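Here are the chains, one letter per residue:
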Amino acid sequence: MKLSDEQRESDLAPLIQNGWSLVPDRDAISKTFTFKSFIEAFGWMTRIAIWSEKYRHHPEWSNVYNKVDVTLTTHDSDGLTELDVKLANKMDTLAH
């Protein structure tokens, strides 16, 4: 189920403060993660892939050397849901 207006305010605000941004013309959020090396970026992606399987929710992402560009939205709901917030928070936690 898509985030309510109240959830958008309470759940998205901390993510926006932590570098996530709303995607124009789409109900999605995005962020670029930068790591010290390709190995660190790829290792983080591997850890996130395991969590994504546990959550049954998968990111749109691409990797070039030490950068990973991520977009989160729930395709089944055609917009942002609690799963996107949950995965974004996990990504932030594991990036540190």
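Residues numbered from 1 in each chain as written. Predicted model: local features only at pLDDT ≥ 70, side-chain atom pairs only at ≥ 80, totals over all residues. Heavy atoms only, no water.

### Notes on the packing of aromatic side chains
Okay, so step 1: Applying the stated criterion to the full structure yields six aromatic pairs.
Okay, so step 2: Between the aromatic rings of Phe-33 and Trp-44, the centroid separation amounts to 4.6 Å while the plane-to-plane angle is 35 degrees, which identifies the pairing as tilted. Of this pair, Phe-33 sits in strand β2 (residues 29-34) while Trp-44 sits in helix α2 (residues 38-55), and the two are 11 residues apart along the sequence. Here the two residues Phe-33 and Trp-44 agree in accessibility, since each one is buried. (Phe/Tyr/Trp six-rings, centres within 6.5 Å; stacked < 30°, edge-to-face > 60°. Helix = DSSP H or I, 4+ residues; strand = E, 2+ residues; numbered from the N terminus. Buried < 20%, exposed > 50% of the residue type's maximum accessible area, 1.4 Å probe, protein only.)

### Observations regarding the packing of α2 against helix α3 (residues 82-94)
The packing of two helices is summarised by the inter-axis angle and the distance between the axes.
Okay, so step 1: Running from N to C, α2 and α3 point in directions that differ by 150 degrees, and their axes come no closer than 10 Å. As the angle between them shows, α2 and α3 are arranged roughly antiparallel. Crossing of α2 against α3: the hand is right-handed. Here α2 contributes Trp-44, Arg-47, Ile-48, Trp-51, Ser-52 and Tyr-55 to the contact with α3, which in turn contributes Leu-83, Lys-86, Leu-87, Lys-90, Met-91 and Leu-94.
Okay, so step 2: Each residue belonging to the contact of α2 with α3 can be placed in one class, and the counts come to eight nonpolar, one polar and three charged. (Axes fitted to C-alpha atoms, helices over the stretch in contact; angles between N-to-C directions. Parallel < 35°, antiparallel > 145°, perpendicular 65-115°, else oblique. Left-handed = near helix turned anticlockwise from the far one by under 90°. Contact = heavy atoms within 4.5 Å. Nonpolar A, V, L, I, M, F, W, Y, C, P; charged D, E, K, R; others polar.)

### Details of the packing of helix α1 (residues 5-17) against α3
Okay, so step 1: Running from amino to carboxyl end, α1 crosses α3 at an angle of 20 degrees, the nearest separation of the two axes being 10 Å. Put simply, α1 runs roughly parallel to α3. The handedness of the crossing between α1 and α3 comes out as left-handed. The residues of α3 that touch α1, namely those facing Gln-7, Asp-11, Leu-12 and Leu-15, are Glu-82, Val-85, Ala-88, Asn-89 and Asp-92.
Okay, so step 2: Tallied by class, the residues present in the contact of α1 with α3 amount to four nonpolar, two polar and three charged.

Geometric values such as these leave the question of function open.
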